Amino acid sequence: MKELKANELIEKLLAYGEKNDLLAEWDKIAARNEIRDILDIKEAPAEELDSETAVKLPDNPQPILDGMLDYAAAKSLINDNLSERDLLDTRIMGALTPRQSEIAERFYNTAEEIDIKAAADQYYSFAQKSNYIRLERISKNLNWSAESDYGRIEITINLSKPEKDPEEIARAKEEPQSNYPKCYLCLENVGYPGRLNHPARQNHRVIPLKLQNEDWFLQYSPYVYYNEHCIVFHREHKPMNINKNTFAVLLDFLDQIPHYFIGSNADLPLVGGSILNHDHFQGGRHIFPMEEAAAVETYRDRSFPEVEIGRIKWPLSVIRLRSAEREDLVNLAAKILKKWREYSDSALNIKAHSREAGEKIAHNTVTPIARKKDKLGEDRAAQYELDLVLRNNRTSGEYPHGIFHPHKELHHIKKENIGLIEVMGRAILPGRLKTELNLIAKYLSSELSLEELKNAEGMAEHLDWVEELDSEYGQDLNYKEAEKILEKETAKKFSEVLETAGVYKNDQKGISGFNKFLKTMGIEKV
């Protein structure tokens, strides 16, 4: 590709940046020079785009960037692989991205002049327009919802992370180890140039928050598994630790950004998230199935008469607290957490601690999720709603991956940890399922024989499930019917996955155990 073409692409990208408030008229000269330097262009720049051409620019910058990356690869500035293309296009977008202080000032000015919702909308748009959120990739994810015994269940098959080739993986392993930034969440990721084993973040900007008089920061997840999927992380790189202060921090966040929910992964391995070494939460603007679950039992604690307490119809064990009295809510949640940390019930495989090499190992924790509910009438204040999901991370000889973790017979659908998003009823399933469900649909519509299905890659683990589906639905479906059935049946299987994660099962023994635990704290059925 000639430099003339690359120069034309630069002008398109600058026009895109101006159109989307990434830079202003007088910023374009510096940005142009920076991108020309990145691409090692010596020829004079192309003419700026006229207004008519600028109107026809794409909604996201990736098509323009792809042309620049092709130019860079042809000129041997990069090897033409995913990792190096990602590093370079992020560096290019960094030339258009406003400084950290500008984005933070823009957020708070909008919040003051209009409202916090408008500020969040503006910041979310920025994260997309700057290509920090790669919309082109995220649009490849498959999403659907289906009914289950617990109501609506949401399914996402994650296709937004393209596969790296073996050579890239090998080169990343050979990269010198670095402890800067210490993890993917650290504040030092803002503007970081990246390396083969750590993503570039020149287009990454965050919003400072004060929560319980400590420095926290708001960002959006680059993978957005739901609308306005955000992350709130602590200034310090310190391990996750759920305690009384956690609940106060969650409610502080809701006081500042009330149209979002916020929750935390559990703080123990197997039942927690993928990053346990940096204290953080996830939130956003989405109504998850768990939020819609109705209370099936109500309780009371005479020490906290202003707090409504309920057990909801959900595959995991959830205590729902609701009150306009913030301090009461925090204190009751802390009381429940403290008791649960030390609670055991051997009849239900619940054991609070074990010993390993003489060390006391904790097994009980909670996954907390908070949201703010609108007032129900003029005489009522808005209420906080706090869900405490009881978790236990013990393993056994029978269940080496976790007693309250997806069991082996369900690994064909989901074998990874059940984190915050899954707890709330949205499955994040591996990309392999797109192909595998397609093959099962072909079998159920008689496009594939059983022998062909058995010989297909990755199908061995599905065969027992296929037999169940065949027995119930047969093989006389058309392909579209088979697809719809598989959407429903995948949601059903995911419900079973969530049931395995529930410490108290939804049977007489489990409900009795749930009530017994609450009674030890003086919380009784109404």
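Residues numbered from 1 in each chain as written. Predicted model: local features only at pLDDT ≥ 70, side-chain atom pairs only at ≥ 80, totals over all residues. Heavy atoms only, no water.

**Q** Where do I start with the overall build of the protein in this structure?
**A** From N to C terminus, the protein includes 18 helices and 16 strands. For a compact globule of 526 residues, the expected C-alpha radius of gyration is about 24 Å, and the protein comes in at 26 Å, within 12% of that figure. In terms of principal-axis extent, the alpha carbons of the protein reach across some 80 × 65 × 55 Å. A burial count over the protein gives 54% of its 526 residues as buried. Put simply, 67% of the contacts in the protein that link residues at least 6 apart link residues at least 24 apart. (Helix = DSSP H or I, 4+ residues; strand = E, 2+ residues; numbered from the N terminus. Rg over C-alpha atoms; globule rule 2.2 N^0.38 Å. Buried < 20%, exposed > 50% of the residue type's maximum accessible area, 1.4 Å probe, protein only. Contact = heavy atoms within 4.5 Å.)

**Q** Explain the pattern of salt bridges to me, please; I cannot follow it from the model alone.
**A** Any two side chains of opposite charge can pair, on the condition that their charged atoms come close. Applying the stated criterion to the full structure yields 42 salt bridges. Through salt bridges with shared partners, a single network forms among E291, R320, R322, R371, K373, E385 and D387. (Salt bridge = Lys/Arg side-chain N within 4 Å of Asp/Glu carboxyl O.)

**Q** Which parts of the structure should I look at to understand helix α4 (residues 62–74)?
**A** Each turn of an α-helix holds 3.6 residues, which means side chains three or four residues apart point in the same direction. Along its 13 residues, α4 runs 18 Å from first to last C-alpha, staying within 8% of the 18 Å computed at 1.5 Å per residue. Within α4, burial applies to Q62, I64, L65, G67, M68, L69, Y71, A72 and A73. Along its buried surface, α4 packs onto α1 (3–19), α2 (28–38), α5 (82–94) and α8 (135–138). Looking at the residues trailing α4, positive phi occurs at S76, about 65 degrees. (Expected span 1.5 Å × (residues − 1).)

**Q** How should I be thinking about the sheet that holds strand β6 (residues 261–263) in this particular structure?
**A** Taken in spatial order, the 11 strands make up an open sheet running β3-β4-β5-β7-β6-β13-β14-β10-β9-β8-β16, and their pairing is antiparallel. If you trace the sheet from one side to the other, it starts and ends with β3 (207–211) and β16 (523–525), each paired once. For this sheet, the mean angle separating the axes of adjacent strands, direction not counted, is 25 degrees. With 4 bridges joining them, strand β9 (residues 308–312) and strand β10 (residues 318–323) adopt antiparallel strand pairing. Directly across from G310, in β10, lies its bridge partner R320. On top of the sheet, helix α6 (residues 100–113) reaches β3 and β4 (214–220); it is set at about 60 degrees to β3, its chief contact. Sitting on the sheet, helix α7 (residues 116–129) touches β3 and β4, and the angle it makes with β4 is about 60 degrees. (Pairing = 2+ DSSP bridges. Axes fitted to C-alpha atoms, helices over the stretch in contact; angles between N-to-C directions.)

**Q** Looking at this structure, I do not really get the side chain of H204. What am I missing?
**A** Its place among the elements puts H204 in the loop between α9 (166–174) and β3. Look past the residues within four positions of H204 in its chain and what remains in contact with it is Y132, N189, V190, G191 and Q219.

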